[in-house]
Amino acid sequence: GAVVSQHPSRVICKSGTSVKIECRSLDFQATTMFWYRQFPKQSLMLMATSNEGSKATYEQGVEKDKFLINHASLTLSTLTVTSAHPEDSSFYICSARDPRGVDTQYFGPGTRLTVL
Amino acid sequence: RKEVEQDPGPFNVPEGATVAFNCTYSNSASQSFFWYRQDCRKEPKLLMSVYSSGNEDGRFTAQLNRASQYISLLIRDSKLSDSATYLCVVNFRSGGGGNKLTFGTGTQLKVEL
């Protein structure tokens, strides 16, 4: 069964609205979660590393004020896309690092965001 | 130069064929290596880790050549269900002590009757 869940799986919103995506690890406590974005026919690009109880680490070129990450518990990280625009339309995928394995990450099923 | 490079394909092969994918990576400090499989509009799923000694899992064989910074995946006796995009993934420890997965763009495989 799934070890990482994401909600919602799909969202369509108007330009200018904010969208929150939740990522939950179901089978283990994840001190570290990751947020990726994937545009059509491109590879997954790491946006940020979410650390429980501390600030997220953002990759170069990713605006931290636009993509707000909160990792308030060991099983939940949220990504909020603020003031979404059509160019933010993408497939957002989270992963959780399993501390029981070596470098093992499990991916959530992804959230397809469409901004009109 | 991309950190992880793959031929995007598509590779169109008949059922039962053997097909090989290659991948090169640029960061010599990379520490662990994986092949993931991604179906259309789905999340990536771990296919197998890749070790220097080479490893096999059923019809799948992975090889790593650290000196050449080259990874390969061989699929024998292809099935229709093998049709997917295969992602070469490299992990290295960043300066802050965390680790990061870097994904290739993937190689698309289409297995046909």
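Parameters and conventions
Residues numbered from 1 in each chain as written. Chains lettered and ligands numbered in written order. Predicted model: local features only at pLDDT ≥ 70, side-chain atom pairs only at ≥ 80, totals over all residues. Heavy atoms only, no water. Pairing = 2+ DSSP bridges. Helix = DSSP H or I, 4+ residues; strand = E, 2+ residues; numbered from the N terminus. Axes fitted to C-alpha atoms, helices over the stretch in contact; angles between N-to-C directions. 1 Å grid on protein atoms, 1.4 Å probe; cavity = no way out; pocket = protein on both sides within 12 Å on 5 of 7 lines; lining within 4 Å. Points joined across faces, edges and corners; volume = space filled by probe spheres on them. Nonpolar A, V, L, I, M, F, W, Y, C, P; charged D, E, K, R; others polar. Contact = heavy atoms within 4.5 Å. pLDDT = per-residue confidence, 0-100.

Draft legend 1. Local environment of the sheet that holds strand β1 (residues 4–7) of chain A. Residue and element names in this part refer to chain A. The four strands lie next to each other as β1-β3-β8-β7, forming an open sheet whose pairing is antiparallel. Only two strands of the sheet have a single partner each, and these edge strands are β1 and β7 (67–73). Between one strand axis and the next, the sheet turns by 15° as a mean value, whatever way the strands run. Pairing of β1 with strand β3 (residues 19–25), which is carried by four bridges, proceeds in the antiparallel orientation. By the bridge assignment for β3, S5 is matched with R24.

Draft legend 2. Representation of empty space enclosed by the protein within the structure. All names here are of chain B. Scanning the model with the defined rule gives one cavity of 30 Å³ or more in all. Lining the largest cavity are E3, V4, Y25, S26, N27, S30, V90, F92 and T102. Looking at the lining of the largest cavity residue by residue, the classes come out as four nonpolar, four polar and one charged.

Draft legend 3. A look at the environment of P14 of chain B. Residues and elements named next belong to chain B. With respect to the secondary-structure elements, P14 resides in strand β2 (residues 11–14). Along the chain, P14 and L74 lie 60 residues apart, while their C-alpha atoms are 15 Å from each other. If we ignore the near neighbours within four places in the chain, the residues touching P14 are S78, V111 and E112.

Draft legend 4. How the structure looks around unusual backbone geometry. Between H7 of chain A and the following residue, P8 of chain A, the backbone shows a cis peptide bond with an omega angle of 0°. Take P8 of chain A: it is sitting in the loop between β1 and β2 (10–13). Cis rather than trans, the peptide bond between G9 of chain B and P10 of chain B has omega equal to 10°. For P10 of chain B, the position within the fold is in the loop between β1 (4–6) and β2. With a phi angle near 45°, S83 of chain A is a residue other than glycine that sits in the positive phi range. Within the secondary structure, S83 of chain A is located in the loop between β8 (76–81) and β9 (90–97). Here the phi dihedral of Q69 of chain B falls at roughly 55°; this positive angle occurs in a residue that is not glycine.

Draft legend 5. Quick look at the sheet that holds strand β8 (residues 70–75) of chain B. Residue and element names in this part refer to chain B. Judged by pairing direction, the sheet is antiparallel, and its five strands sit side by side in the order β1-β3-β8-β7-β6 without closing on themselves. Edge positions in the sheet fall to β1 and β6 (55–57), since each has one partner strand and no second. Between one strand axis and the next, the sheet turns by 20° as a mean value, whatever way the strands run. In terms of strand pairing, strand β7 (residues 60–65) meets β8 through six bridges, oriented antiparallel. Bridging across to β8, L64 finds its partner in I71.

Draft legend 6. Highlighting the confidence of the model for chain A. The predicted model of chain A averages 91 in pLDDT, with 96% of residues at 70 or higher. Confidence, read as mean pLDDT per element, is least for strand β10 (residues 105–107) of chain A in chain A (88) and greatest for strand β11 (residues 111–115) of chain A (97).

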